[in-house]
Amino acid sequence: MQGKDTLFSKPITQLGEFRFDEQVAEVFPDMIQRSVPGYSNIISTIGHLTGQFHQANSKLYDLGCSLGAATMAMRRAVTKPGVEIVAVDNSAAMLERCQKHLDAFRSSAPVSLLCEDICEVEINQASVVVLNFTLQFIAQEQRLALLTKIYQGMCPGGLLIVSEKFHFEQTSTQNLISELHLDFKRANGYSELEISQKRSSLDNVLVTDTIAQHKQRFADAGFSASELWFQCFNFGSLVAIK
Ligand SMILES: C[S@@+](CC[C@H](N)C(=O)[O-])C[C@H]1O[C@@H](n2cnc3c(N)ncnc32)[C@H](O)[C@@H]1O
Ligand SMILES: O=C(O)C(=O)C[C@]1(C(=O)O)C=C[C@@H](O)C=C1
């Protein structure tokens, strides 16, 4: 049983930048479940889409895998032969725990865990690629290059799934929708102090795009079609097809 997220519950005098370190890795399942509306739905749909889109003798990539929630949903959905899963994260604390989670269940689909920067990792023969709440942590000027590399490493008919926090163009709806997210956090037991300290630590670390920016970037990277398949408040998930 993993820990409850109380990382921001006491006043912190020197609030540093948010990092995916040991402390965060230890409470991550609780943190993401209580912070991201629709997270469980997204994980189960990643499994469902993997079942539909994985191709025999191809690779499946989970980029920014954290503890492997999406990796495991993908692995459970594999039915075709010759499939290898590659899960990548640059946080050693996350990957250590991810390996334990993977080892706890038997599966015939092999998973390679790589402790690397996803901007550096080679992508090839990919039928399904997942960026589940990871692209938002990549410097904005590197995002198109990353998506272009992914596109070039994908098989024809391959699927990219990108889940993100968004912002909205119009101030009135931006305020309304982000307030709904704050109410979701409050309803999940986060105090005003926890909410505001985490928000400050995520400033300039988690940098959101609009849904339109995501779609434009998919087109610029070469994808023939993309669509938002899920949205709850300012969080959602898109698919792009090669
Ligand atoms: C919000 S978490 C992802 C959650 C996970 N995909 C899931 O479905 O549970 C973001 C992850 O991306 C990783 N990350 C951020 N920037 C990265 C980079 N440049 N290369 C590799 N991993 C990165 C972080 O270490 C963190 O584990
Ligand atoms: O925006 C927030 O308030 C969040 O907590 C979001 C978010 C995310 O989207 O990744 C940020 C960090 C943690 O990984 C969990 C959730």
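As the structure is a computational prediction, the values presented were derived from the model and not from experiment.

Cut-off values and rules
Per chain, residues are indexed from 1 in the order of the written sequence. Think of it this way: whatever chain is written first is A, whatever ligand is written first is 1, and the rest follow in order. In view of the model being predicted, local features appear only for residues whose pLDDT reaches at least 70, and side-chain atom pairs are presented and counted only at 80 or more, with totals across whole chains, interfaces and linings using the full set of residues. Excluded from the side-chain calculations are hydrogens and water; all other atoms, namely the structure's heavy atoms, are used. Between any two strands, pairing holds if DSSP finds at least two bridges. Strands here mean DSSP runs of E at least two residues long; helices mean DSSP runs of H or I at least four residues long; both are numbered from the N terminus. If the strands point away from the viewer and the path from the first strand over the helix to the second runs clockwise, then the crossover is right-handed. Definition of nearness: a residue and a molecule or strand are near each other if at least one heavy atom of the residue lies within 4 Å of the molecule or strand. For the purposes of these results, a polar contact is taken to be a pair of N or O atoms within 3.5 Å, where, inside protein, one atom must be able to donate a hydrogen and its partner to accept one; residues adjacent in sequence count only when each atom of the pair is a side-chain atom. Here the Shrake-Rupley method, with its probe set to 1.4 Å, supplies the accessible areas, and only the displayed protein chains count as covering residues. Asp, Glu, Lys and Arg are counted as charged, while Ala, Val, Leu, Ile, Met, Phe, Trp, Tyr, Cys and Pro are counted as nonpolar; the rest, among them Gly, fall into the polar class. Angular values range over 0 to 180 degrees, each being the angle between N-to-C directions of two axes fitted as lines to C-alpha atoms, with helices fitted over their stretch in contact. Orientation categories follow fixed angle ranges, with anything under 35 degrees roughly parallel, anything over 145 roughly antiparallel, 65 to 115 roughly perpendicular, and all other angles oblique. By definition, turning the near helix anticlockwise from the far helix through less than a right angle yields a left-handed crossing, and turning it clockwise yields a right-handed one. Whether two residues are in contact is decided by their heavy atoms, any of which lying within 4.5 Å being enough. UniProt positions are given in the numbering used here, feature names are shortened, and annotations may be inferred rather than shown by experiment.

## A closer look at the pairing of strand S3 (residues 111-115)
Thinking step 1. One ladder, built from five bridges, connects strand S2 (residues 84-89) with S3; its direction is parallel. By the bridge assignment for S3, Ala87 is matched with Leu113.
Thinking step 2. Between the parallel pair S2 and S3, the chain is carried across by helix H4 (residues 92-103), and the sense of this crossover is right-handed.

## Comments concerning the site of ligand 1
Thinking step 1. In the neighbourhood of ligand 1, 19 residues make up the surrounding shell, with Tyr39, Gly64, Ser66, Asp89 and Asn132 lying closest.
Thinking step 2. A distance of 2.8 Å separates a nitrogen atom of ligand 1 from a polar atom in the backbone of Gly64.
Thinking step 3. Within the side chain of Asp89, an N or O atom sits 2.6 Å from an oxygen atom of ligand 1.
Thinking step 4. Summarising the interface, the protein chains cover 94% of the accessible area of ligand 1, which totals 610 Å² for the free molecule.
Thinking step 5. For the shell around ligand 1, the class distribution of residues is 10 nonpolar, six polar and three charged.

## Things to note about the packing of helix H5 (residues 140-152) against helix H8 (residues 211-221)
Thinking step 1. Between H5 and H8, whose axes approach to 9 Å, the crossing angle comes to 50°. With respect to each other, H5 and H8 are oriented oblique. Viewed along their axes, H5 and H8 form a crossing whose handedness is right-handed. Each of Arg143, Leu144, Leu147, Thr148 and Tyr151 in H5 lies in contact with H8, whose residues at this interface are Arg217, Phe218, Asp220 and Ala221.
Thinking step 2. Here the contact of H5 with H8 is built from residues that sort into five nonpolar, one polar and three charged.

## Digging into the UniProt feature "domain: Methyltransferase" (unreviewed entry) in the protein
Thinking step 1. The UniProt entry lists residues 62-158 under the feature "domain: Methyltransferase" (unreviewed entry), expressed in the numbering used here.
Thinking step 2. A helix fraction of 35% and a strand fraction of 26% characterise residues 62-158, whose end C-alpha atoms lie 14 Å from each other.

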